[in-house]
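Secondary and tertiary structure notes
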Amino acid sequence: MVNVRPILFVLGLVLSKLALFMYPPTILAIFNPGSGFVEFAQAVAITHLVSFICLSFGRTKQFKLNVRDVFLVTTLVWVVSTIFAALPFVFINHISFTDAYFETMSGITTTGSTVLSGLDDMSHSILLWRSLLQWLGGIGFIVMGVAILPMLNVGGMRLFQTESSDWSDKSSPRVKSVAKNIVVVYLTLTLACFGSYVATGMTPFEAINHAFTTISTGGYSTSDASMNHFSHQTQWFSTLFMFLGGLPFLLFVAAYRKQSLSALTKDAQVIGFFKLFMVASLAITAWLVIRDHYQVSDALRVSMFNVVSVLTTTGFGLEDFTAWGTLTTVLFAFLLMMGACSGSTAGGIKVFRFQIALTLLKIQMMKLIHPSGVFVQRYNKRRVNDDIIRSIVAFSLTFFATVLIVAAGLSAMGLDAITSLSGAITAVANVGPGMGSVIGPTGNFSSLPDAAKWLLSFGMLLGRLEILTILVLFLPAFWRR
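Residues numbered from 1 in each chain as written. Predicted model: local features only at pLDDT ≥ 70, side-chain atom pairs only at ≥ 80, totals over all residues. Heavy atoms only, no water.

You will see that Thr217, though not glycine, has its phi angle at about 45 degrees, which is positive. When you line up the elements, Thr217 lands in the loop between α10 (204-215) and α11 (232-245). A residue is classified by how much of its surface remains accessible, and Thr217, at 0% relative accessible area, is buried. Of note in the backbone geometry, Glu466 takes a positive phi value of approximately 60 degrees without being a glycine. As for its placement among the helices and strands, Glu466 is situated in the loop between α21 (450-464) and α22 (468-471). By relative accessible area, Glu466 is classed as buried at 1%. (Helix = DSSP H or I, 4+ residues; strand = E, 2+ residues; numbered from the N terminus. Buried < 20%, exposed > 50% of the residue type's maximum accessible area, 1.4 Å probe, protein only.)

Applying the stated criterion across every chain yields a total of 18 aromatic pairs. Judged by centre distance (5.9 Å) and plane angle (45 degrees), the rings of Phe97 and Tyr101 are tilted. Taken together, the residues Phe97 and Tyr101, both in helix α6 (residues 97-108) and four residues apart, mark about one turn of the helix. Residue classification places Phe97 among the partly exposed residues on the basis of a relative accessible area of 37%. Each ring, one from Phe321 and one from Phe332, has its centre 4.3 Å from the other, and the planes form 25 degrees; the classification is stacked. (Phe/Tyr/Trp six-rings, centres within 6.5 Å; stacked < 30°, edge-to-face > 60°.)

Attention shifts here to the packing of helix α2 (residues 23-30) against helix α3 (residues 37-58). Closest axis-to-axis distance for the α2/α3 pair is 8 Å, and the angle between their directions is 155 degrees. In terms of orientation, α2 and α3 fall into the roughly antiparallel class. The chirality of how α2 crosses α3 is left-handed. Counting all contacts with α2, which are made through Tyr23, Pro25, Thr26, Ala29 and Ile30, the residues of α3 involved are Phe37, Phe40, Ala41, Val44 and His48. Its residues placed into classes, the contact of α2 with α3 shows eight nonpolar, two polar and no charged. (Axes fitted to C-alpha atoms, helices over the stretch in contact; angles between N-to-C directions. Parallel < 35°, antiparallel > 145°, perpendicular 65-115°, else oblique. Left-handed = near helix turned anticlockwise from the far one by under 90°. Contact = heavy atoms within 4.5 Å. Nonpolar A, V, L, I, M, F, W, Y, C, P; charged D, E, K, R; others polar.)

With 123 residues, the main nonpolar core has Trp129, Leu247, Phe249, Phe332 and Phe399 as its most contacted residues. Top contributing element to this core by residue count: helix α7 (residues 124-147), with eleven residues. Ignoring sequence-local partners within four residues, the contact set of Phe332 consists of Ile284, Asn306, Val307, Val310, Phe321, Trp324 and Met435. Ranked by size, the runner-up nonpolar core spans seven residues in total, among them Ile356, Tyr379, Ile389 and Ile392. (Core = buried A, V, L, I, M, F, W, Y, C linked by side-chain atoms within 4.5 Å.)

As a working rule, side chains carrying opposite charge can pair if their charged atoms are close by. Summed over all chains, the structure comprises seven salt bridges. Put simply, Lys453 and Asp99 hold a salt bridge, and the shortest N to O gap is 2.6 Å. Taken together, the residues span a long stretch of sequence, with Lys453 in helix α21 and Asp99 in helix α6 at a distance of 354 residues. A cluster of three or more residues bridged by salt bridges with shared partners is formed by Lys350, Arg353 and Glu466. (Salt bridge = Lys/Arg side-chain N within 4 Å of Asp/Glu carboxyl O.)

With respect to the helices and strands, Val90 occurs in helix α5 (residues 87-93). Owing to a relative accessible area of 24%, Val90 belongs among the partly exposed residues under this scheme. Taking the C-alpha atoms as reference points, Val90 and Leu132, separated by 42 residues in sequence, lie 17 Å from one another. Not counting the four nearest positions on each side in its chain, Val90 is found in contact with Ile95, Ser96, Phe97 and Ala100.

Where nonpolar side chains cluster on the molecular surface, the patch consists of Leu20, Phe21, Tyr23, Ile27, Ile30, Phe31, Phe37 and Val38 and spans about 780 Å² of accessible area. When residues of the nonpolar patch are traced back to their parent elements, those giving at least two are α1 (4-21), α2 and α3. Broken down by element, the residue count for the nonpolar patch peaks at three residues, all from α2. Within the secondary structure, Leu20 is located in helix α1. Assessed through its relative accessible area of 45%, Leu20 is described here as partly exposed. (Patch = residues over 30% accessible without salt bridge, like charges linked within 9 Å, V, L, I, M, F, W, Y side chains within 5 Å. Areas by Shrake-Rupley, 256 points an atom, 1.4 Å probe, with all protein chains shown as cover.)

Okay, the UniProt feature "binding site: K(+)" (unreviewed entry) in the chain next. UniProt marks Thr110, Thr111, Gly218, Thr313, Thr314, Asn430 and Val431 with the feature "binding site: K(+)" (unreviewed entry), using the numbering shown here. Across 322 residues of sequence, these annotated residues stay compact in space, with a maximum C-alpha separation of 8.5 Å. Looking at where Thr314 falls in the secondary structure, it is placed in the loop between α15 (296-311) and α16 (326-338). Ignoring sequence-local partners within four residues, the contact set of Thr314 consists of Thr111, Thr213, Thr217, Gly218, Gly219, Met242, Ser309 and Val431. Topologically, Val431 is positioned in the loop between α19 (417-428) and α20 (436-439). (UniProt positions renumbered as here; feature names shortened; annotations may be inferred.)

Below you can see the structure in the form of structure tokens.
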């Protein structure tokens with residue numbers, strides 16, 4: 001059986017922090033008449049009240065969470081937080097709870113899909129809340145990715161296990177130290193991104209919102225035109241900080257401690273991510289120059305921006321890449337699923353899984369040549385054992401199976417093939433925009449039926465929590481004593 005009281009206590013703590021982060025947009029609403037001060041205050045009061053109830057019923061002298069409890073509480077934190085974080089959208093935008101839940105789940109999972117339009121004239125308080133949701137979701141996933149998922153051995157994440165993944169009492173100071181260092185790096189990058197945006201023409205309000213959603217690789221904007229609304233210099237800085245958001249944050253910490261960038265530049269995953277980014281960007285640049293007669297500088301800017309936006313699952317829009325021809329459409333369909341580095345804010349399959357699959361393929365081919373040979377598979381100078389390979393294979397299979405199931409469900413609701421398949425991919429990979437005229441880079445998800453929005457919301461949650469973390473909850477064995 002699960003330990004109900006400790007789980008309630010954790011949920012109470014999370015909701016109490018969520019309520020505190022509602023304060024900035026609530027205060028902002030005071031200075032902007034008609035921006036929803038009363039509605040935000042109501043959301044804050046409700047969230048605080050439920051938090052107090054959970055903390056009161058969950059308080060216990062012996063606080064202990066086993067592995068089963070961690071699986072459950074990891075999922076519940078995202079689901080319950082989304083319910084209460086959706087309240088301002090219901091109260092202020094007067095949209096249905098379905099739309100509000102979809103928008104909030106998209107924000108917290110840093111997916112970036114939206115059902116809202118008219119962003120340029122929308123209340124500043126709600127725009128700030130959308131951006132804060134993505135910023136909080138990004139840092140929450142990083143901490144989960146380096147401290148929880150390796151312990152659960154989900155999808156090969158044990159390969160990146162650190163002392164922070166050991167939840168024994170002895171390691172508690174280490175867990176806090178790692179989490180603190182990651183938060184410091186996250187804040188530093190956010191401030192640097194904010195300064196860059198202000199220096200290139202954004203207003204302070206636009207800059208803080210876009211800094212939140214760039215570093216978290218979320219992709220929400222304050223304008224319907226997304227990054228098309230801003231200068232070329234701003235777009236270059238956005239490309240840079242999206243790339244940084246796709247790197248492992250633990251390596252930033254290591255680089256700071258060593259006062260050297262070698263931790264980043266010598267990491268196999270970072271090298272692979274950089275090579276993929278450059279090859280894809282240069283290939284599309286050449287395509288745009290030859291086919292559409294772009295200037296080289298413009299082609300490079302647009303291609304690098306869109307490649308890193310999709311590869312890091314940020315989803316900022318800059319031109320409609322689906323209008324560049326079949327070749328680029330196929331390439332972007334692959335990049336939609338690829339993802340950036342493990343331990344970053346990005347979603348997707350992640351670079352390291354493809355790298356390990358390629359080394360495994362190489363070993364299998366060598367065994368055909370040398371049947372009696374003994375080959376040891378290594379990654380980043382560490383041995384990759386069979387347990388990790390099994391986890392990666394299981395995750396990869398469930399990822400593609402989940403995409404197909406979600407796409408089939410969307411098709412059954414009457415959506416066309418491109419919308420169904422790209423919608424499934426963009427939800428499970430936490431990218432944001434899909435393809436086609438409905439949910440493509442120039443569209444949004446508002447016209448989809450409610451059932452499709454709930455299915456896509458579940459797909460976003462599955463993708464953000466590495467799928468297996470949630471699927472295990474549906475096994476009867478999980479609930480047995």
